Amino acid sequence: MAFGAPALHFAKAYMLAQLTVCPPPLEAPHADVYFLPKKPEYITEAPIKSLTAEMRNNPDSTVASDSRWFVEGITASGVDAARFNFDFTNLRDESGNICLYVHKVYFSVMYEPTIFLAKELKAPGRECRYKMVKLHEERHVATDLKTINEYMPKIKMELLWYLRSIGPLGPFQLAQARAEVQKTEKAIMVAVQPMMEKLIKARRARQGSIDTIENYRQEAALCPDDNLKPEDVQ
């Protein structure tokens with residue numbers, strides 16, 4: 001929220017004769033929560049050894065420590081709460097006292113996936129395997145999208161309950177308004193983090209159900225003629 005002279009930048013303003021105690025807000029606060037996913041970026045230049053080493057350090061994989069499998073693909077993605085915007089209403093009196101109220105909060109959940117496919121899969125004769133690994137990684141992305149979309153209403157509801165708990169701010173002098181607004185904005189952003197952590201925890205559990213030995217065996221059986229052997233790995 002751009003904040004300069006409060007009278008110009010508050011969503012709504014009301015003038016009273018004298019403020020000694022801030023009354024309850026005239027309306028409950030609102031929240032708009034948006035999900036802004038990006039299409040996957042594909043990178044096909046990394047060798048299998050590099051991808052395998054990366055997966056062993058990946059807490060989202062149930063095969064991170066299993067040395068029996070080559071890692072031919074990885075989906076790297078981040079889920080972040082960003083682009084916060086805030087609107088406040090206020091009550092003021094002729095003496096320069098002011099009460100502030102959170103009117104509306106907007107924030108976006110960003111999702112940016114990158115799919116890594118091992119460069120060895122581009123070799124002639126491995127078209128089936130390339131397709132299977134690509135589909136596996138795209139399943140990770142589809143699972144993320146489904147999970148995040150399911151959690152968006154939950155995040156919005158938790159945010160609304162938090163906003164209602166804030167109540168009126170003040171009264172204090174108009175000169176303090178900028179600092180109080182900034183402090184409240186920061187508190188709201190901090191409060192959103194546990195909400196996001198619940199989403200990330202659910203996402204991690206679902207992703208782990210894809211990276212299992214059983215799933216890898218089933219996928220490998222679909223391309224019996226072009227699965228990689230140890231001597232194929234550079």
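Worth saying up front: this structure is predicted, and the values here are computed from it rather than measured.

Peer 1: Help me understand the pairing of strand β4 (residues 73-93) in this model?
Peer 2: Where a strand is regular, its side chains alternate between the two sheet faces. Relative to strand β5 (residues 97-117), β4 is paired through 18 bridges, and the arrangement is antiparallel. The partner of T89 across the bridge, within β5, is Y101. Counting the residues in the hairpin turn of β4 and β5 gives three residues, including G96, whose phi is positive at 90 degrees.

Peer 1: Explain the state of the cysteines here, please?
Peer 2: Counted under the stated rule, the structure contains two disulfides. Each sulfur of the disulfide joining C22 and C99 lies 2.0 Å from the other. Residues C22 and C99 share a disulfide whose torsion about the S-S bond is about -95 degrees; that sign makes it left-handed. With C22 in the loop between β1 (12-16) and β2 (30-37) and C99 in strand β5, this residue pair connects regions lying 77 residues apart in the sequence. For the pair shown, C22 and C99 are each scored as buried. Cysteine pairing for the protein chain, with bonded cysteines counted in sequence order: 1-2, 3-4.

Peer 1: Help me out: how do you make sense of the side chain of E72 in this one?
Peer 2: Mapped onto the fold, E72 is located in the loop between α2 (48-55) and β4. A distance of 2.7 Å separates polar atoms of two side chains, one belonging to E72 and the other to R129.

Peer 1: Before we go on, may I ask you to explain the confidence of the model for the protein chain in this structure?
Peer 2: A low pLDDT score tells you not to read the predicted coordinates there in detail. The pLDDT averaged across the protein chain works out to 83; a share of 82% of its residues lies at or above 70. Within the protein chain, no element has a lower average pLDDT than helix α1 (residues 6-9), which sits at 40, and none a higher one than β2, at 95. Considering only residues more than four positions removed or in separate chains, one finds that residues 62-67, a stretch of pLDDT under 50, has 13 contacts.

Peer 1: Sorry if this is basic, but what is going on with helix α5 (residues 213-221) here?
Peer 2: Residues separated by three or four positions in an α-helix point in the same direction, a consequence of the helix having 3.6 residues per turn. Along α5, the residues classified as buried are I213, N215, Y216, E219 and A220. Projected down its long axis, α5 shows its buried positions confined to an angular sector of 160 degrees, all on one face. With respect to the buried face of α5, the exposed residues turned more than 90 degrees away are Q218 and A221. On its buried side, α5 packs onto α3 (127-166).

Peer 1: Teacher, can you tell me more about the packing of aromatic side chains here?
Peer 2: The geometry of an aromatic ring pair comes down to the distance between the two centres and the angle between the two planes. All told, the structure shown has two aromatic pairs when counted by the stated rule. Ring plane angle 15 degrees and centroid distance 5.0 Å describe the contact between F84 and F107, whose orientation is recorded as stacked. Separated by 23 residues along the polypeptide, F84 in strand β4 and F107 in strand β5 bring together distant segments of the chain. On the basis of relative accessible area, F84 is assigned to the buried category, the value being 15%.

Peer 1: What's the story with the environment of F107 in this structure? I'm lost.
Peer 2: On the basis of relative accessibility, which here comes to 0%, the residue F107 falls in the buried class. For the pair F107 and Y34, spaced 73 residues apart in the sequence, the C-alpha separation amounts to 6.4 Å.

Cut-offs used in this document
Residues numbered from 1 in each chain as written. Predicted model: local features only at pLDDT ≥ 70, side-chain atom pairs only at ≥ 80, totals over all residues. Heavy atoms only, no water. Pairing = 2+ DSSP bridges. Helix = DSSP H or I, 4+ residues; strand = E, 2+ residues; numbered from the N terminus. Disulfide = S-S within 2.5 Å. Buried < 20%, exposed > 50% of the residue type's maximum accessible area, 1.4 Å probe, protein only. Polar contact = N/O pair within 3.5 Å; in protein donor to acceptor, adjacent residues only side chain to side chain. pLDDT = per-residue confidence, 0-100. Contact = heavy atoms within 4.5 Å. Arc of directions from axis to C-beta. Phe/Tyr/Trp six-rings, centres within 6.5 Å; stacked < 30°, edge-to-face > 60°.

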